[in-house]
Amino acid sequence: MNPQQPIFVTEPHLPPLEEFLPYLEQIWASKRITNSGPFHEQLEKELAAYLGVKHLSLFANGTLALLTALQALRISGEVITTPYTFVATAHSLLWNNIKPVFVDVDPDTCNLDPERVEEAITPATTAILPVHCYGIPCNVERIQQVADTYGLKVIYDAAHAFGVRQRGESILNHGDLAVLSFHATKVFNTFEGGAIVCPDAKIKQRIDHLKNFGFADEVTVVAPGINGKMNEISAAMGLLQLRHIDAALNTRTIMYQRYLDAFKDIPSLRLQQVPADLEWNHAYCPLFVRPEHPVSRDELYERLKSQNIHARRYFYPLISSFPMYRGLPSAAGKSLPNASALAEQVICLPIYPTLPIEAQERLIGIVRQTVK
Ligand SMILES: *Cc1c(COP(=O)(O)O)cnc(C)c1O
């Protein structure tokens with residue numbers, strides 16, 4: 001293996017091109033390229049069945065799906081969310097003129113701490129927007145309890161949580177809505193894409209209108225909708241990806257286990273350990289470099305980079321430190337100690353089905369060198 005070949009934190013999963021060509025031929029023959037074409041309709045059905053959810057509405061990307069989910073439930077005022085996620089989570093609130101209220105996370109799961117959520121509720125709070133960070137489930141029962149007590153909606157940013165099941169049940173069935181991303185870097189990609197998981201046909205219909213400019217039929221516009229539709233080429237890619245997803249998830253599991261075994265004797269390095277009743281998708285491999293580790297997180301990051309291995313510090317910096325958020329009261333001072341500590345310690349190691357085992361072993365060697 002050529003050490004000059006750069007290794008990135010992920011690589012898009014691309015099935016064999018010859019398997020994709022028949023889909024393209026069908027699209028060319030039918031001239032149906034968007035607007036709820038046959039592949040779009042088929043993917044909605046097949047994905048819902050695969051994921052174990054009732055309904056799902058496909059989108060051009062996860063960000064448009066998040067924006068639309070907030071619109072569909074008429075969320076306004078203040079929404080409680082996590083600072084330890086990708087910026088799109090909080091940006092979706094600003095785009096809807098909603099004030100984000102950042103709440104600290106649980107240091108073990110990296111997810112919103114439900115007890116802190118309760119403390120942050122005000123008369124203006126209308127919803128909670130938690131993230132299943134790295135695909136590891138939030139404390140969904142406790143979050144729902146808090147939401148029910150205070151009459152709040154719950155929208156999960158489930159961009160990382162494709163295929164995750166807890167005690168045999170899809171994690172996507174929690175909350176009022178859950179939003180998926182099928183971006184190139186995610187476990188399941190449609191080049192770009194996303195979806196909203198809907199508990200019933202009524203809310204799916206409203207979302208279907210909203211993603212198509214608000215059209216309910218040829219002459220009726222029922223809402224100031226947007227163009228959020230997934231095109232047929234992406235939908236075809238999704239159908240093909242579905243045939244390969246189980247193999248891809250299996251390979252991720254094996255790779256993650258290899259990392260776990262490699263670092264289990266180093267107490268100053270922590271990897272996520274999940275309970276046996278959780279079918280995790282191993283979407284990411286966050287490694288937490290504790291303060292007592294002989295080499296800092298940033299030093300490790302640089303050492304890997306100098307060997308052409310491009311790990312990423314997801315999620316550093318915290319969203320609450322970006323200019324458009326740092327003036328918020330909830331972003332101030334030391335109000336987010338757990339999220340801040342995680343952001344200082346985390347480094348996400350490369351994990352994707354085509355990562356060569358030699359590259360993984362070379363990387364493990366570099367990390368293990370830091371304790372010598
Ligand atoms: C990827 C991601 C998004 C955005 O999805 P896109 O499909 O890239 O628009 C939103 N939230 C989280 C947590 C993500 O990781």
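Residues numbered from 1 in each chain as written. Predicted model: local features only at pLDDT ≥ 70, side-chain atom pairs only at ≥ 80, totals over all residues. Heavy atoms only, no water.

**Things to note about the overall build of the chain**
Within the chain one finds eleven helices and 17 strands. For a compact globule of 372 residues, the expected C-alpha radius of gyration is about 21 Å, and the chain comes in at 21 Å, within 12% of that figure. Its C-alpha atoms give the chain principal-axis dimensions of about 70 × 55 × 40 Å. Counting only residues that meet the buried cut, the chain has 52% of its 372 residues in that class. A sequence separation of at least 24 residues applies to 71% of the contacts in the chain between residues at least 6 apart. When the accessible area of the chain is evaluated, it comes to approximately 16,500 Å², of which 54% is carbon and sulfur surface. (Helix = DSSP H or I, 4+ residues; strand = E, 2+ residues; numbered from the N terminus. Rg over C-alpha atoms; globule rule 2.2 N^0.38 Å. Buried < 20%, exposed > 50% of the residue type's maximum accessible area, 1.4 Å probe, protein only. Contact = heavy atoms within 4.5 Å. Areas by Shrake-Rupley, 256 points an atom, 1.4 Å probe, with all protein chains shown as cover.)

**Things to note about helix H10 (residues 337-345)**
The complete set of buried residues in H10 reads Ala339, Leu342, Ala343 and Gln345. In this fold, the buried residues of H10 make contact with strand S13 (269-271), strand S15 (285-289), helix H9 (297-306) and strand S17 (346-349).

**Examining the side chain of Asp113**
Mapped onto the elements, Asp113 comes out in the loop between strand S4 (99-102) and helix H5 (114-120). Here Asp113 falls in the buried class, since its relative accessible area comes to 15%. Polar contacts involving the side chain of Asp113 include one to the main-chain amide nitrogen of Glu115, which spans 3.0 Å. (Polar contact = N/O pair within 3.5 Å; in protein donor to acceptor, adjacent residues only side chain to side chain.)

**Regarding unusual backbone geometry**
A cis amide bond, omega 10 degrees, links Tyr314 with the succeeding residue Phe315. Looking at where Phe315 falls in the secondary structure, it is placed in the loop between strand S16 (309-310) and H10. Residues Tyr316 and Pro317 are joined by a peptide bond in cis, for which omega reads -5 degrees. Here Pro317 is to be found in the loop between S16 and H10. The phi dihedral of Asn35 is positive, around 60 degrees, even though this residue is not glycine. Mapped onto the elements, Asn35 comes out in the loop between helix H1 (17-30) and helix H2 (38-51). Residue class for Asn35 comes out partly exposed when judged on its relative accessible area of 44%. Phi is positive for Asn308, which is not a glycine, with a value near 65 degrees. Of note, Asn308 is situated in the loop between H9 and S16.

**Brief notes about the domain arrangement of the chain**
If you check the domain split of the chain, you get domain 1 (17-241) and domain 2 (245-369). Placing the centre of domain 1 and that of domain 2 at their C-alpha centroids yields a distance of 25 Å. Listed per partner, the contact involves 40 residues of domain 1 and 37 residues of domain 2. Interface of domain 1 and domain 2: buried area, both sides summed, is about 3,200 Å²; carbon and sulfur atoms make up 65% of it. Broken down residue by residue, the surface that domain 1 buries against domain 2 is led by Tyr84, Phe102 and Tyr134, which jointly contribute 23%. At the boundary of domain 1 with domain 2, the tally comes to one salt bridge. For Arg167, the salt bridge identified is with Asp277, shortest N-O distance 3.5 Å. For the pair domain 1 and domain 2, the interface holds 17 residue pairs in polar contact (both at pLDDT 80 or more). For the side of domain 1 that touches domain 2, the secondary-structure elements that each account for two or more residues are helix H4 (88-95), S4 and strand S7 (165-166). Among the elements that take part in the side of domain 1 that touches domain 2, S4 stands out by supplying four residues, more than any other. Taken together, the residues of the side of domain 1 that touches domain 2 break down into 23 nonpolar, ten polar and seven charged. (Domains from an automatic or database assignment. Buried area = accessible area lost by both parts, 1.4 Å probe. Salt bridge = Lys/Arg side-chain N within 4 Å of Asp/Glu carboxyl O. Nonpolar A, V, L, I, M, F, W, Y, C, P; charged D, E, K, R; others polar.)

**Observations regarding the site of the ligand**
Around the ligand, a shell composed of 14 residues is seen, among which Thr63, Asp157, His160, Ser181 and Lys186 lie nearest. Gly62 places a main-chain nitrogen or oxygen 2.8 Å from an oxygen atom of the ligand. Asp157 places a side-chain nitrogen or oxygen 2.7 Å from a nitrogen atom of the ligand. A total of 380 Å² of accessible area belongs to the ligand in isolation, and the protein chains cover 93% of it. Only helix H3 (62-72) and H4 provide two or more residues apiece to the shell around the ligand. (Near = heavy atom within 4 Å.)

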